[in-house]
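Coordinate inspection notes
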Amino acid sequence: MSRPTPLLLSLALAAVVIPAAAIRSQAGQPSAPVAHSTHAVPAPSSSATSAQRLPLTVQGASVVAVPPGATETSAGMTLRNPGKTPVVLTSARSSAAGHVMLMTTRRDAQGRVGMSGVKSLTVPAGGQLILKPGGDHLMLMDLMRPLKPGERVPLVLVARDGRTLTVSATVRLP
Ligand SMILES: [Cu+2]
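Presented here is an overview of the structure given in this document. (Residues numbered from 1 in each chain as written. Predicted model: local features only at pLDDT ≥ 70, side-chain atom pairs only at ≥ 80, totals over all residues. Heavy atoms only, no water.)

So, the overall build of the protein chain
We apply this condition: Counting from the N terminus, the helices are the DSSP runs of H or I reaching at least four residues and the strands are the DSSP runs of E reaching at least two. Throughout, exposure labels follow a simple rule: accessible area from a 1.4 Å probe, protein chains only, divided by the maximum for the residue type, with under 20% read as buried, over 50% as exposed, and the rest as partly exposed. In this description, contact between two residues means that some pair of their heavy atoms is separated by no more than 4.5 Å. The method behind every accessible area is Shrake-Rupley, applied with a 1.4 Å probe, and residues are considered shielded solely by the protein chains displayed.
Across its full length, the protein chain carries three helices and 10 strands. Classification of the 174 residues of the protein chain by burial places 34% in the buried group. Partitioning the intrachain contacts of the protein chain with sequence separation of at least 6 by distance along the chain shows that 66% fall at a separation of at least 24. Just so you have it, the protein chain exposes about 10200 Å², and 61% of that area is on carbon and sulfur atoms.

Written as structure tokens, this is what we have:
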């Protein structure tokens, strides 16, 4: 994939910095970190039975393997939404990456193809969202370690309403 232009990159970074939750967590005084960690701690019951779990099915979750030294890679999967309301994904995270971006691939006026960060990706009601390199996808940034083919990487998808879905993605060669 082509490198993002400086403009696209700055837009992408803005998209990462802006989320309201991040602003809220910085708005408070010393008590803010406590409140934030409270939100991050899952309910005592298993997440699989929690009402907070996103009602999506996942197929073919994968992460593209990268050689040692690479700092970012893309992840894809097919998400299906059997429900009657759209699911709006606004962020994602992974223990394998410093942060995860929601990205789309666009062609500019000069015909150049590039990726740019977006604030949300929607799984339509009764429909599906295909995430793949070259289309809408997730980007794992600031990788913590090399990702070897065959290993599994956890990805947490977060919707606008706070519901989440943890996905186990398989690392595979491009
Ligand atoms: Cu990307």
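So that's the structure; there's more coming.
Here we look at the coordination of the copper ion
Put simply, the rule is: Coordination shells were defined by N, O and S atoms within 2.8 Å of each metal, extended to 3.2 Å for Na, K and Ca; water is absent from the atom set, which can make sites look incomplete. Square planar and octahedral assignments, for four and six donors respectively, both demand that opposite donors be over 155 degrees apart and that all other angles lie between 65 and 115; tetrahedral needs four donors with all angles between 85 and 135 degrees, and anything else is irregular.
Within the protein, the copper ion binds to M103 (SD), M115 (SD), H137 (NE2) and M139 (SD); these donor distances fall in the range 2.1 to 2.5 Å. Considering all four donor atoms around the copper ion, the spread of angles at the metal, 93 to 124 degrees, places the coordination shape in the tetrahedral class. The motif formed by the donor residues of the copper ion, counted along the single chain, is M-x11-M-x21-H-x1-M. Of this pair, M103 sits in strand β4 (residues 97–107) while H137 sits in strand β8 (residues 137–143); the two residues are 34 residues apart in sequence, bridging distant segments of the chain. With respect to class, M103 is no different from H137; both count as buried.

Notes on the pattern of salt bridges
Opposite charge on two side chains makes pairing possible when the charged atoms of those side chains draw close. Here is the rule we go by: Just to be clear on terms, a salt bridge is a Lys or Arg side-chain nitrogen sitting within 4 Å of an Asp or Glu carboxyl oxygen.
What the rule picks out here adds up to three salt bridges. Linking R112 and D108 is a salt bridge whose minimum nitrogen-to-oxygen distance equals 3.0 Å. Classification of D108 by relative accessible area gives partly exposed; the value is 28%. Here E151 ties to R145 by a salt bridge, and the two come within 2.7 Å at their closest N and O atoms.

Description of the environment of V87
For V87, the position within the fold is in strand β3 (residues 87–93). When the C-alpha positions of V87 and T122 are compared, they lie 5.6 Å apart, and in sequence the two are 35 residues distant. Among all residues touching V87, those that are not within four sequence positions of it are L54, L56, N81, L121, T122, V123 and A159.

A closer look at the pairing of β4
As a reminder of what qualifies: Paired strands, as defined in this entry, are two strands with at least two bridges between them according to DSSP.
As paired elements, β4 and β8 share six bridges and run antiparallel to each other. When the sheet's bridge partners are listed, M103 is paired in β8 with H137. Bridge count between β4 and strand β5 (residues 113–117): five bridges; the pairing is antiparallel. Each residue of the ladder has a partner; that of T105, found in β5, is M115. Connecting β4 to the next strand, β5, in antiparallel fashion are five residues, including G111 with a positive phi near 85 degrees.

Some details on the environment of P68
With respect to the secondary-structure elements, P68 resides in the loop between β1 (57–64) and β2 (73–80). Spatially, the C-alpha atoms of P68 and K148 are 9.3 Å apart, while their sequence positions differ by 80 residues.

A word on the nonpolar core
For soluble globular proteins, nonpolar side chains are generally found buried alongside one another. Rules: We define the nonpolar core as a collection of buried residues of types Ala, Val, Leu, Ile, Met, Phe, Trp, Tyr and Cys that are connected through side-chain atoms lying within 4.5 Å of one another.
In terms of nonpolar packing, the biggest core is built from 33 residues, with M77, L79, L138 and L140 touching the most fellow members. Formed by five residues, the second largest nonpolar core is a distinct cluster that contains M103, M115, M139 and M141.

Points about the environment of K148
Turning to its location among the elements, K148 is positioned in the loop between β8 and β9 (152–159). Exposure remark for K148: the relative accessible area of 57% places this residue in the exposed category. Placed 82 residues apart in sequence, K148 and V66 show a C-alpha to C-alpha distance of 7.5 Å.

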